[in-house]
Amino acid sequence: MSEQSLMETNGTLPPTPSHTVGPFYGYALPFPDGGEIAPAGHPDTITVHGYVYDGAGDPIPDALLEFWQAAPDGSLTGAPGSLRRDPVTGGYYGRNGVDFTGFGRVPTDADGHYAVRTLPPGGAPYLSVCVFARGLLHHLFTRAYLDEPAGDTLLSGLEPARRETLLARAEADKHRTYRFDIHLQGDKETVFLAFD
Amino acid sequence: MALTQHDIDREVTELQDAYDKARAGGAPAAHHPPRDYAPYRSSALRHPKQPLVAVHGDPETVELSGPAFGTTDVTALDNDLTKQHHGEPLGERITVSGRLLDGRGRPVRGQLVEVWQANASGRYAHQRDDHPAPLDPNFTGVGRVLTGDDGSYSFTTIKPGAYPWRNHANAWRPAHIHFSLFGDAFTQRLVTQMYFPNDPLFPYDPILRSVTDESARQRLIATYDHDLSQPEFSLGYRWDIVLDGPSATWIEEGR
């Protein structure tokens, strides 16, 4: 349809509906450096990793996660270059190793596991996470908090057990590594967000 | 026992009737599919049962900004899916063009549009699609482009075929192209599918029917546009896309 036929009387356009990402995005959306958000070799790099589970507690091997966050200085402008491509072959060049784009994209593997390497955000200490999956008709937003900031209105408004689902936990036996699992359904169901 | 199309049709009709009745009673329009939609069997264990928690954003809210993409993220050939191999792909060559807009009708500029699709025979270049239709050595089915200053995008590709899937016995998806879209804010993120007009499979497809609002379903269907057709070359389809969700710009403007 064309936009002229869509404009409603209050001057807004009704949105295009969401659909599931389906099972076959794997050759289109993931890219080799998708989880390498931190510039190569940066000493402040942290790893955030975990598993995505369904309502039966089984890992989901065909979910796609996207991450968006502030840069270490708190800026939210991002930078191009996450998907940098090779103009000779049309293939992926990989990130330039210098710029911090603030954006990451990783599919879960056959075990339902994902990992991203990034820099701690400045300002509010969370990574925004957008979840796509076969079977999920409309993506879901959540947040991976690396810290529990005082006065955070989202966290303070949640029951402790629900709040816990948004907290990425530092793993004592691993170097600068945080565990953040996502449960789409069930007793440990992750808190998912709506923005207005 | 495997579910039949008749079983799925019955469930789809019940949910459609419930929605239509609610609308007649004054309920607001549902622009998006419910995440819990039983006729699409894979949704059963993959939707949250708790309500979403509302976040009242301020300009510092991370999700009200979003990732940036630029000229290094695409190459000039990425929006022509017919030129990724040495030969021409089989199928009906098409041009798909439109504009990416926000909910106020303003163009979304310089943002990333990604597409993927089956080939003309309805087969994806993906190991998990193993149904007996031929792969096309000259077609992968992936493209990307940045929107122009007027929010416009355009792809050259071939019309994808319908294909079977295992939701129920004799389940077939109508021909579609998958689209992934970014707005100015991460809240505006959208992944969806574009359909072709007058596909006889529409009534049978629980994924399309998961959008219970009829006018919303129509917004997923491209329009044949003869002015977009190119002589001796391709048939033209127009599809405009409108993103949902607030952005920091809106809040700074006082909404």
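Only a predicted model underlies this, so the values are computations on that prediction, with no experimental measurement involved.

## Brief notes about the overall build of chain A
Phase 1: Across its full length, chain A carries 2 helices and 10 strands.
Phase 2: Relative to the compact-globule value of 16 Å for 196 residues, chain A shows a C-alpha radius of gyration of 18 Å, a close match.
Phase 3: Projecting the C-alpha coordinates of chain A onto the three principal axes gives extents of approximately 60 × 50 × 35 Å.
Phase 4: The buried share among the 196 residues of chain A stands at 57%.
Phase 5: Expressed as a percentage of contacts within chain A between residues at least 6 apart in sequence, the contacts between residues at least 24 apart total 66%.
Phase 6: Looking at chain A as shown, the accessible area adds up to about 7,700 Å², and 51% of this sits on carbon and sulfur atoms.

## Describing the nonpolar core
Phase 1: The biggest cluster of nonpolar side chains holds 40 residues, and the ones touching the most others in it are Leu154(A), Leu193(A) and Trp116(B).
Phase 2: Of all the elements in the fold, those that place two or more residues in this core are β2 (63-68), β5 (126-133), β6 (140-145), α1 (153-156) and β10 (193-195) of chain A together with β1 (53-55) and β3 (112-117) of chain B.
Phase 3: At 3 residues, β5(A) tops the list of elements feeding residues into this core.

## Thoughts on the pattern of salt bridges
Pairs may arise between side chains of opposite charge once their charged atoms sit close together.
Phase 1: Counted according to the given criterion, the structure contains 23 salt bridges over all chains.
Phase 2: We note a salt bridge from Glu114(B) to Arg105(A), for which the minimum N-O separation is 2.8 Å. On the criterion of chain membership, the pair formed by Glu114(B) in strand β3 and Arg105(A) in strand β3 (residues 103-107) is interchain, its members lying in two chains.
Phase 3: For Arg163(A), the salt bridge is made with Glu148(A), and the minimal N-O distance between the two is 4.0 Å. You can see Arg163(A) sitting in helix α2 (residues 160-164) and its partner Glu148(A) sitting in the loop between β6 and α1, a full 15 residues away along the chain.
Phase 4: Classification of Glu148(A) as partly exposed rests on a relative accessible area of 42%.
Phase 5: Overlapping salt bridges, with partners in common, bring together Asp62(A), Arg134(A), Arg46(B) and Arg128(B) in one network.

## Quick word on the confidence of the model for chain B
Phase 1: The share of residues in chain B with pLDDT of 70 or more is 97%, and the mean pLDDT across the chain is 95.
Phase 2: Here the predicted complex carries an ipTM of 0.96, next to a pTM of 0.96.

## Some thoughts on helix α1 (residues 5-24) of chain B
Residues and elements named next belong to chain B.
Phase 1: Taking 1.5 Å as the rise per residue, α1 with 20 residues should run 28 Å; its terminal C-alpha atoms sit 28 Å apart, in good agreement.
Phase 2: Of all the positions in α1, only Gln5, Asp7, Ile8, Val12, Gln16 and Tyr19 are classed as buried. Seen along its axis, α1 keeps its buried residues to an arc of 165°; they face one direction. Turned more than 90 degrees from where α1 packs its buried face, His6, Glu14, Lys21 and Ala24 sit exposed.
Phase 3: Packed against the buried residues of α1 are α2 (206-209) and α3 (214-218).
Phase 4: The positive-phi residue at the C-terminal boundary of α1 is Gly26, with phi of around 105°.

## Thoughts on the pairing of strand β5 (residues 152-158) of chain B
Residues and elements named next belong to chain B.
Phase 1: Extensive coverage of β5 is indicated by the burial of 5 of its 7 residues.
Phase 2: In this structure, strand β2 (residues 93-101) lies alongside β5, joined through 7 bridges in antiparallel fashion. Looking across to β5, one finds that Val96 is bridged to Phe155.

## Focus: the packing of aromatic side chains
Phase 1: The full count for this structure, using the stated rule, is 20 aromatic pairs over all chains.
Phase 2: Their ring planes at 35° and their centres at 4.5 Å tell us that Phe24(A) and Tyr124(B) sit as a pair that is tilted. Of this pair, Phe24(A) sits in the segment before β1 (46-53) while Tyr124(B) sits in the loop between β3 and β4 (142-146), placing the two residues on different chains. As far as the burial class goes, Phe24(A) and Tyr124(B) line up, both buried.
Phase 3: Here the aromatic rings of Phe103(A) and Phe69(B) are separated by 5.6 Å at their centres, their planes lie at 80°, and the arrangement is edge-to-face. Here Phe103(A), found in strand β3, pairs with Phe69(B), found in the loop between β1 and β2, and the two come from separate chains. Taken as a pair, Phe103(A) and Phe69(B) share a single burial class, namely buried.

Reading the values: the criteria
Residues numbered from 1 in each chain as written. Chains lettered and ligands numbered in written order. Predicted model: local features only at pLDDT ≥ 70, side-chain atom pairs only at ≥ 80, totals over all residues. Heavy atoms only, no water. Helix = DSSP H or I, 4+ residues; strand = E, 2+ residues; numbered from the N terminus. Rg over C-alpha atoms; globule rule 2.2 N^0.38 Å. Buried < 20%, exposed > 50% of the residue type's maximum accessible area, 1.4 Å probe, protein only. Contact = heavy atoms within 4.5 Å. Areas by Shrake-Rupley, 256 points an atom, 1.4 Å probe, with all protein chains shown as cover. Core = buried A, V, L, I, M, F, W, Y, C linked by side-chain atoms within 4.5 Å. Salt bridge = Lys/Arg side-chain N within 4 Å of Asp/Glu carboxyl O. pLDDT = per-residue confidence, 0-100. Expected span 1.5 Å × (residues − 1). Arc of directions from axis to C-beta. Pairing = 2+ DSSP bridges. Phe/Tyr/Trp six-rings, centres within 6.5 Å; stacked < 30°, edge-to-face > 60°.

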